[in-house]
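Examining the three-dimensional arrangement
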Amino acid sequence: ELGFSEEMVGFLKTLGGAASIVAALVYSRICALMTLRRLLAVSILFHATMTLWYLLYRDPASAMVITCVESATMVWALLPLYDLAARATPKGSEALGYALMMSVWNFTLELSDLGGSWLTTAVAKGGAGFHFHNLVWINALTTLLVLIAVPFLPGVLVDRRDGQRATDAPGH
């Protein structure tokens, strides 16, 4: 719709990758400041909110800013999930835990791509499908649905900060 060249799309991907690296460095500093439960809630809420910036996607300049913001907040939403998976996986089975998590991630990513493509194609064919802005709202709202699970996560896994032993966490 915006008519970006292949070079521009490649540049946006490069910017997104750079923003992801910076976000991971920032996360490595903040993960020791709050419990994993709080990190999960804050990062998911922040990512869902920042996803709404796609509503302002209009030209190359906005695309560059939004790509950086979206890439960074996606990393901030994923890293606490990786931490949760590492904490929940029994010692010696870390690779299996990571593989299971990535399998679910890949499945949901492909499913959302397929669903988004189907919804967009329905519009293109004159059906009752969704326009890009509607898909942005759906993305943000479905991301927020993950917050429902956060209060139900076992305290032994999420009620401590990075580097804090489970026995040192409050209430343990």
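Residues numbered from 1 in each chain as written. Predicted model: local features only at pLDDT ≥ 70, side-chain atom pairs only at ≥ 80, totals over all residues. Heavy atoms only, no water.

**A closer look at the overall build of the protein chain**
The number of helices and strands found in the protein chain is six helices and zero strands. Overall, the protein chain is about 60 × 30 × 25 Å in size when its C-alpha atoms are taken along their principal axes. Of the contacts made within the protein chain by residues no fewer than 6 positions apart, 70% connect residues no fewer than 24 positions apart. When the accessible surface of the protein chain is totalled, it reaches about 10,800 Å², and 70% of it is carbon and sulfur. Each charge class in the protein chain was averaged separately, 11 positive and 12 negative side chains, and the resulting centres sit 11 Å apart. (Helix = DSSP H or I, 4+ residues; strand = E, 2+ residues; numbered from the N terminus. Contact = heavy atoms within 4.5 Å. Areas by Shrake-Rupley, 256 points an atom, 1.4 Å probe, with all protein chains shown as cover. Lys, Arg positive; Asp, Glu negative; His and termini not counted. Charge placed at Lys NZ, Arg CZ, Asp CG, Glu CD.)

**Overview of the packing of aromatic side chains**
A full pass over the atoms with the stated rule returns five aromatic pairs. Here the aromatic rings of F4 and Y57 are separated by 6.4 Å at their centres, their planes lie at 55°, and the arrangement is tilted. Here F4 is found in the segment before helix 1 (6–30), whereas its partner Y57 is found in the loop between helix 2 (36–51) and helix 3 (60–88), with 53 residues between them in sequence. Judged by relative accessible area, F4 falls into the partly exposed class, the value being 23%. Classification of Y57 by relative accessible area gives buried; the value is 18%. (Phe/Tyr/Trp six-rings, centres within 6.5 Å; stacked < 30°, edge-to-face > 60°. Buried < 20%, exposed > 50% of the residue type's maximum accessible area, 1.4 Å probe, protein only.)

**Remarks on helix 1**
Look at helix 1: 36 Å from first C-alpha to last across 25 residues, which is about the 36 Å you get at 1.5 Å a residue. Turning to helix 1, its buried residues are M8, L12, G16, A19, A23 and Y27. (Expected span 1.5 Å × (residues − 1).)

**Focus: the nonpolar core**
Counting 14 residues, the largest nonpolar core has L36, L40, L84 and V158 as the members making the most contacts within it. Mapped by element, the contributors of at least two residues to this core are helix 1, helix 2, helix 3 and helix 6 (155–158). Apart from the residues within four sequence positions on either side, V158 is in contact with T35, L36, R37, L40, L84, R87 and L153. (Core = buried A, V, L, I, M, F, W, Y, C linked by side-chain atoms within 4.5 Å.)

**Comments concerning the side chain of S62**
Counting through the fold element by element, S62 comes out in helix 3. Setting aside chain neighbours within four positions, we find S62 in contact with L56 and Y57.

**With respect to the pattern of salt bridges**
What the rule picks out here adds up to two salt bridges. Where D159 meets R37, a salt bridge forms, and the shortest distance between an N and an O atom there is 2.8 Å. Residue D159 is located in the segment after helix 6, and its partner R37 is located in helix 2; the two are separated by 122 residues in the primary sequence. For D159, a relative accessible area of 24% translates into the label partly exposed. R87 is the salt-bridge partner of D83, the closest N and O atoms lying 2.9 Å from each other. Placement of the pair is D83 and R87 together in helix 3, with a separation of four residues, close to one helical turn. With a relative accessible area of 15%, D83 lands in the buried category. Looking at R87, the relative accessible area reads 14%, which means it is buried. (Salt bridge = Lys/Arg side-chain N within 4 Å of Asp/Glu carboxyl O.)

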